[in-house]
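# Summary of the model geometry
As a plain string of letters, each chain reads:
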Amino acid sequence: MSDSRAVALARAHLEAWTNHDLDKARRNLAAGVEFYSPASHLVGIEEYMDAPRGLAQFAKQVVPGSLRIIAALGDDRNALIMYQVDTEGGPIGSKTFPSAQTWVLDDDGKIQLERIISYVAPRSSASWPSTKT
């Protein structure tokens, strides 16, 4: 089954930043993008990408190729993806981050709203199996 428009963009966005292609990730964002997490509320592309709790700070610590999609669903404007990534180095150290994240696209197909819930766990040899939806 092929991904909906929103799921395809959200997957591409995850692939970009987890592989350290921050320019590509930036191009996925609407000018007034809003990001919500338990740790922050960021508004606008610059804050989303470059704030102290912005995407670039976290992405630098993610191990490229560690993205594992657990489940994904959505429609033309909304996506929900459960995934995990691994980190190494930096202030976070070696951890696994299982996450559930939602995206809402604007009329131009850019990310307007993003919400995330993550859990940090010490890295182990066990991981969730990846499934395709």
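Okay, the pairing of strand β5 (residues 95–105) next. With ten bridges joining them, strand β4 (residues 78–87) and β5 adopt antiparallel strand pairing. Bridge assignment links Asp86 to a residue of β5, and that residue is Thr96. Direction of pairing for β5 relative to strand β6 (residues 111–118): antiparallel, over a ladder of seven bridges. When the sheet's bridge partners are listed, Ser99 is paired in β6 with Ser118. Hairpin connection from β5 to β6: five residues lie between these consecutive antiparallel strands, with Gly109 at a positive phi of about 80°.

Before going further, it helps to examine the packing of aromatic side chains. What the rule picks out here adds up to three aromatic pairs. Relative to Phe97, the ring of Phe58 has its centre 5.0 Å away and its plane inclined at 80°; by these criteria the two rings are edge-to-face. In this pair, Phe58 is assigned in helix α4 (residues 55–59) and Phe97 in strand β5, connecting sequence segments 39 residues apart. In this structure Phe97 comes out as buried when scored by relative accessible area, which is 12%. Chaining the aromatic ring pairs together yields one cluster made of Trp17, Phe58 and Phe97.

Thresholds, definitions, all that
- Counting restarts for each chain: residues are numbered from 1 in the order of the written sequence.
- With the structure being a predicted model, the display of local features is reserved for residues of pLDDT at least 70 and the display and counting of side-chain atom pairs for 80 or more, all residues being used for whole-chain, interface and lining totals.
- Side-chain descriptors were evaluated using all non-hydrogen atoms of the structure, hydrogens and water having been removed beforehand.
- When DSSP locates at least two bridges between a pair of strands, those strands are taken to pair.
- Comment: elements are numbered from the N terminus, with helices defined as DSSP H or I runs of at least four residues and strands as E runs of at least two.
- Two rings belonging to Phe, Tyr or Trp (six-membered ring only in the last case) form a pair when the distance between their centres is within 6.5 Å. Interplanar angles under 30 degrees mark stacking, angles over 60 mark edge-to-face geometry, and anything in between is tilted.
- Here the term buried applies to any residue with accessible area under 20% of the maximum for its type, exposed to any over 50%, and partly exposed to those in between, with areas from a 1.4 Å probe on protein chains only.

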